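# Fold and geometry: a report
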Amino acid sequence: MNRKLNRNPLGLVPFCLLLLMTACQTDQTVNAPPANNNAAPASSSTPDQFAATRISYEKNCKLCHQASGEGGPVKLEDGTKLKVPSFRAGHALKHSDSDFVKQITKGGDGMPAFGEKLKPEEINDFVRFIRHEFQAGQTPPAK
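The paragraphs below set out a description of the structure included in this document.

So, how was this worked out
Residues numbered from 1 in each chain as written. Predicted model: local features only at pLDDT ≥ 70, side-chain atom pairs only at ≥ 80, totals over all residues. Heavy atoms only, no water. Pairing = 2+ DSSP bridges. Helix = DSSP H or I, 4+ residues; strand = E, 2+ residues; numbered from the N terminus. Buried < 20%, exposed > 50% of the residue type's maximum accessible area, 1.4 Å probe, protein only. Axes fitted to C-alpha atoms, helices over the stretch in contact; angles between N-to-C directions. Parallel < 35°, antiparallel > 145°, perpendicular 65-115°, else oblique. Left-handed = near helix turned anticlockwise from the far one by under 90°. Contact = heavy atoms within 4.5 Å. Nonpolar A, V, L, I, M, F, W, Y, C, P; charged D, E, K, R; others polar. Polar contact = N/O pair within 3.5 Å; in protein donor to acceptor, adjacent residues only side chain to side chain. Core = buried A, V, L, I, M, F, W, Y, C linked by side-chain atoms within 4.5 Å.

## Some points on the pairing of strand 1 (residues 72–75)
The sheet contact formed by strand 1 and strand 2 (residues 81–84) spans 4 bridges and is antiparallel. Directly across from Lys-75, in strand 2, lies its bridge partner Lys-81. Hairpin connection between strand 1 and strand 2: a loop of 5 residues separates the two successive antiparallel strands, and Gly-79 in this loop has a positive phi of roughly 95°.

Here's what the structure looks like:
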């Protein structure tokens, strides 16, 4: 019987290697700290500072001023025809922030007044939105 055990000692080498490789490939997350499920997800993008203003622009301004801010000829539901100025060119580039606030608040030249509909901070957000979205790179005139 002793003879059978000593007969092929090299036969154990592949078995031992297989056992060692299997042991080295075990899941090593056993000792990992538990995941923090209460942590806020990481955000890779910057929040849109004008998100609320974009929604309000879509609702209150887009019909006349267009999504692009170009304005142009507009026919209202009551048949009134307007030539809406562009935010991107012409006299809009010469408006001070206070001119925009006054126009948005009081209206005029076919534009409805929004002073009763919007809070002062929302009107100021619109001015910043116009400057950012439609007049980027332009320096607004002094008051």
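Resuming the write-up.
## Observations concerning unusual backbone geometry
Backbone geometry follows two general trends: most residues other than glycine have a negative phi, and most peptide bonds adopt the trans configuration. The backbone phi angle of Gln-66 is positive, close to 70°, even though this residue is not glycine. Within the secondary structure, Gln-66 sits in the loop between helix 4 (62–65) and strand 1. Phi angles above zero are rare outside glycine, and Asp-109 is one such case at about 55°. With respect to the helices, strands and loops of the structure, Asp-109 is situated in the loop between helix 5 (97–106) and helix 6 (120–133). What makes Asp-109 exposed here is its relative accessible area of 84%.

## With respect to the packing of helix 5 against helix 6
When two helices pack together, you describe them by how their axes are tilted relative to each other and by the distance separating the axes. The interhelical angle for the contact between helix 5 and helix 6, taken along N-to-C directions, is 125°, at an axis separation of 9 Å. Taken together, the axes of helix 5 and helix 6 lie oblique to each other. For the pair helix 5 and helix 6, the sense of crossing is right-handed. Residues Asp-97, Phe-100, Val-101, Ile-104 and Thr-105 of helix 5 pack against Ile-123, Asn-124, Phe-126, Val-127, Ile-130 and Arg-131 of helix 6. The residue makeup of the contact of helix 5 with helix 6, split by class, is 7 nonpolar, 2 polar and 2 charged.

## Some details on the environment of Lys-117
Looking at where Lys-117 falls in the secondary structure, it is placed in the loop between helix 5 and helix 6. Put simply, Lys-117 and Thr-105 are 12 residues apart on the chain and 8.9 Å apart in space, counted from C-alpha to C-alpha. Those residues within four positions of Lys-117 in sequence are excluded, and the remaining contacts are Asn-60 and Glu-122. A polar contact is formed between the side chain of Lys-117 and the side chain of Asn-60, at a distance of 2.9 Å.

## Some points on the nonpolar core
Within soluble globular proteins, side chains that are nonpolar generally end up buried alongside one another. Grouped together as the largest cluster of nonpolar side chains are 15 residues, with contacts concentrated most on Tyr-57, Phe-87, Phe-100, Ile-104, Leu-118, Phe-126 and Phe-134. Within the residue set of this core, elements represented by two or more residues are helix 5 and helix 6. Looking at this core, the element that brings in the most residues is helix 6, giving 5 residues. Discounting residues that sit within four places of it in the chain, Phe-87 has contacts with Tyr-57, His-65, Gly-69, Ala-92, Leu-93, Phe-100, Ile-130, Phe-134 and Gln-135.

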